Amino acid sequence: MPTITLSQVSKSYDSLAPAISDLDLVVRDGEFMCLLGPSGCGKSTTLRVIAGLENLSSGEIKIGGRVLDSRDQGVFVPPEQRGAGLVFQSYALWPHLSVERNVSFGLRLRKVPAKEREERIGFVMETLGIEQFRDRYPSQLSGGQQQRVALARMLVIEPDVLLLDEPLSNLDAKLRLKMRAELKRIHVEFGTTIVFVTHDQWEAMTLSTRIAVMNEGSLQQVGTPDEIYNSPANLFVAEFVGNPPINVVPVTNGHDTELSLILCEYVAMSCPGIDNVGSVGLRPETIRLSVSEPSGNSRCLTSHARVAGILPTGGNWIVELDKGGSPIFVSTNTSPEFTAGEMLYFQVDRSRVHFFDLDGIRISHEND
């Protein structure tokens, strides 16, 4: 499978702000890359320029070393010649064709011989578990079954690259979970290079080998799910990835809340090698709670706060603490043995504290 290379890619519409701005991204051979970000960040536009549905304003796109789009070189390869299969959010199945005819549509256009066509259709449909629906029509299928047909239609033509534009967003929670597992299996079995667009962080974290986080048309960070979560490049990535969201506390002059002052003192006393800190981030699931004061450890951030509320989420609990008027959210999978109004101690290991400078850029430290 080929590598996809985007170099200084930009896309603008008329006089509007660029949908994509100076994007450099490499999708490696055979990897599952997720483009993650909020609505309007440019991720779907990125997928469309790779597919050839949009012309670049500037920059260059290569797949397998072959230039597909470059305004400077005067090159634009049309979508049907790019070796990429695109699955839309809406599935885009032909309603008047049976499942078998939908799946075989691309092969018939390519005039693949009947015997080979039937072998490829049978293999893909059996792999995706839709062989029994061969003679049905899309209106007779559930959302999850239609999604499998749309995937089968792309996989049967054996594309070099599979492009998926939020294909699971129309499914209910149970089906989404099932289809995530299905996509993971498809990637392993077929070894296809996949670019998957989503705004759902859990889809990105569970499916991808690497994630590209985007915001306002710009790439914020590329890394494995662990790297994105544990070492966010900036405040945007830190706040976008994680549920419940990370607690971010400003520690600059002018922020003189009790919590800010405690964190300022902690940074000065326990992290002497870290300068220019503008804010501190504490992920809810890394905070430990205890009724009694924990054993002293100068490298841990330790303090006490009042319980403001307890929110059960089914198997987990979100505890809201109040520290001098500043909220701190804690996530725990242990049933709380305390009630609102009680005073608790909270503690975070030094290695789990995130530091960001005045511009919101991550400050690396010895535990990175």
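Notes on the structure in this doc start here.

Quick notes on the rules
- Residues numbered from 1 in each chain as written.
- Predicted model: local features only at pLDDT ≥ 70, side-chain atom pairs only at ≥ 80, totals over all residues.
- Heavy atoms only, no water.
- Helix = DSSP H or I, 4+ residues; strand = E, 2+ residues; numbered from the N terminus.
- Contact = heavy atoms within 4.5 Å.
- 1 Å grid on protein atoms, 1.4 Å probe; cavity = no way out; pocket = protein on both sides within 12 Å on 5 of 7 lines; lining within 4 Å.
- Points joined across faces, edges and corners; volume = space filled by probe spheres on them.
- Nonpolar A, V, L, I, M, F, W, Y, C, P; charged D, E, K, R; others polar.
- Phe/Tyr/Trp six-rings, centres within 6.5 Å; stacked < 30°, edge-to-face > 60°.
- Buried < 20%, exposed > 50% of the residue type's maximum accessible area, 1.4 Å probe, protein only.
- Lys NZ or Arg CZ within 6 Å of the ring centre and 35° of its normal.
- Core = buried A, V, L, I, M, F, W, Y, C linked by side-chain atoms within 4.5 Å.
- Pairing = 2+ DSSP bridges.
- Axes fitted to C-alpha atoms, helices over the stretch in contact; angles between N-to-C directions.
- Expected span 1.5 Å × (residues − 1).
- Arc of directions from axis to C-beta.

## With respect to the side chain of Arg180
Among the structural elements, Arg180 can be located in helix α5 (residues 173-190). Excluding anything up to four places from it in sequence, Arg180 contacts Leu168, Asp200, Trp202, Glu203, Thr206 and Leu207.

## Some words on the layout of surface pockets
One water molecule sets the probe size; rolling that probe over the atoms shows where empty space is left. Taken as a whole, the largest pocket holds about 590 Å³ of empty space. If you go around the largest pocket, you meet 22 residues; those closest to its centre are Ala84, Leu86, Arg110, Met154 and Ile157. Put simply, the parts of the chain that give the lining of the largest pocket at least two residues each are β7 (84-87), α2 (99-109) and α4 (143-155). Among the residues forming the lining of the largest pocket, the class breakdown is 13 nonpolar, four polar and five charged. By volume, the second largest pocket amounts to about 260 Å³. Residue lining of the second largest pocket: 15 residues in total, with Leu289, Ser290, Thr332, Thr334 and Phe338 positioned closest to the centre. For the lining of the second largest pocket, the residue count by class is six nonpolar, six polar and three charged.

## Digging into the packing of aromatic side chains
A full pass over the atoms with the stated rule returns three aromatic pairs. Both rings, one in Phe32 and one in Phe196, keep their centres 5.9 Å apart while their planes meet at 45°; by these two values the pair is tilted. Separated by 164 residues along the polypeptide, Phe32 in strand β3 (residues 32-36) and Phe196 in strand β9 (residues 193-198) bring together distant segments of the chain. We note that Phe32, like Phe196, is buried. On the basis of an interplanar angle of 15° and a centroid distance of 5.6 Å, the ring pair of Phe236 and Phe240 is categorised as stacked. With Phe236 and Phe240 both in helix α8 (residues 235-240) and four residues apart, this pair spans about one turn of that helix. A cation sits over an aromatic face here: Lys11 above Tyr13, 5.0 Å from the ring centre.

## Brief notes about the nonpolar core
Judged by nonpolar contacts, the single largest core of 43 residues is most densely connected at Val103, Leu128, Leu151, Leu164, Leu183, Phe196 and Ile211. For this core, the element with the highest residue contribution is α4, accounting for six residues. Here Phe196 is in contact with Phe32, Met33, Cys34, Leu35, Leu164, Pro167, Leu168, Leu183, Glu203 and Leu207, once residues within four sequence places are set aside.

## Some words on the sheet that holds strand β6 (residues 75-76)
One open sheet holds the five strands; their spatial order is β2-β1-β4-β5-β6, and the pairing between them is antiparallel. At either end of the open sheet lies a strand with only one pairing partner, and these are β2 (20-27) and β6. Here strand β5 (residues 66-70) runs beside β6; their pairing, made up of two bridges, is antiparallel. By the bridge assignment for β6, Ser70 is matched with Val75.

## Some remarks on the sheet that holds strand β14 (residues 288-290)
Spatial ordering of the open sheet is given by β14-β18-β15-β16-β17, a layout of five strands whose pairing is antiparallel. For this open sheet the edge positions go to β14 and β17 (326-332), each flanked by a neighbour on one side alone. Each neighbouring strand pair of the sheet contributes to a mean axis angle of 45°, computed without reference to strand direction.

## Points about helix α9 (residues 258-270)
Between the first and last C-alpha of α9 there are 18 Å, a value that for 13 residues agrees with the 18 Å anticipated at 1.5 Å per step. Along α9, the positions that sit buried rather than exposed are Leu259, Ser260, Leu263, Tyr266, Val267 and Ser270. The arc that holds the buried residues of α9, viewed along the axis, is 125°, so those residues lie on one side. Pointing more than 90 degrees away from the buried face of α9 are the exposed residues Glu265, Ala268 and Met269. If you follow the buried residues of α9, they end up packed against β12 (247-250), β13 (277-282), β15 (301-312), β16 (317-323), β17 and β19 (353-357).

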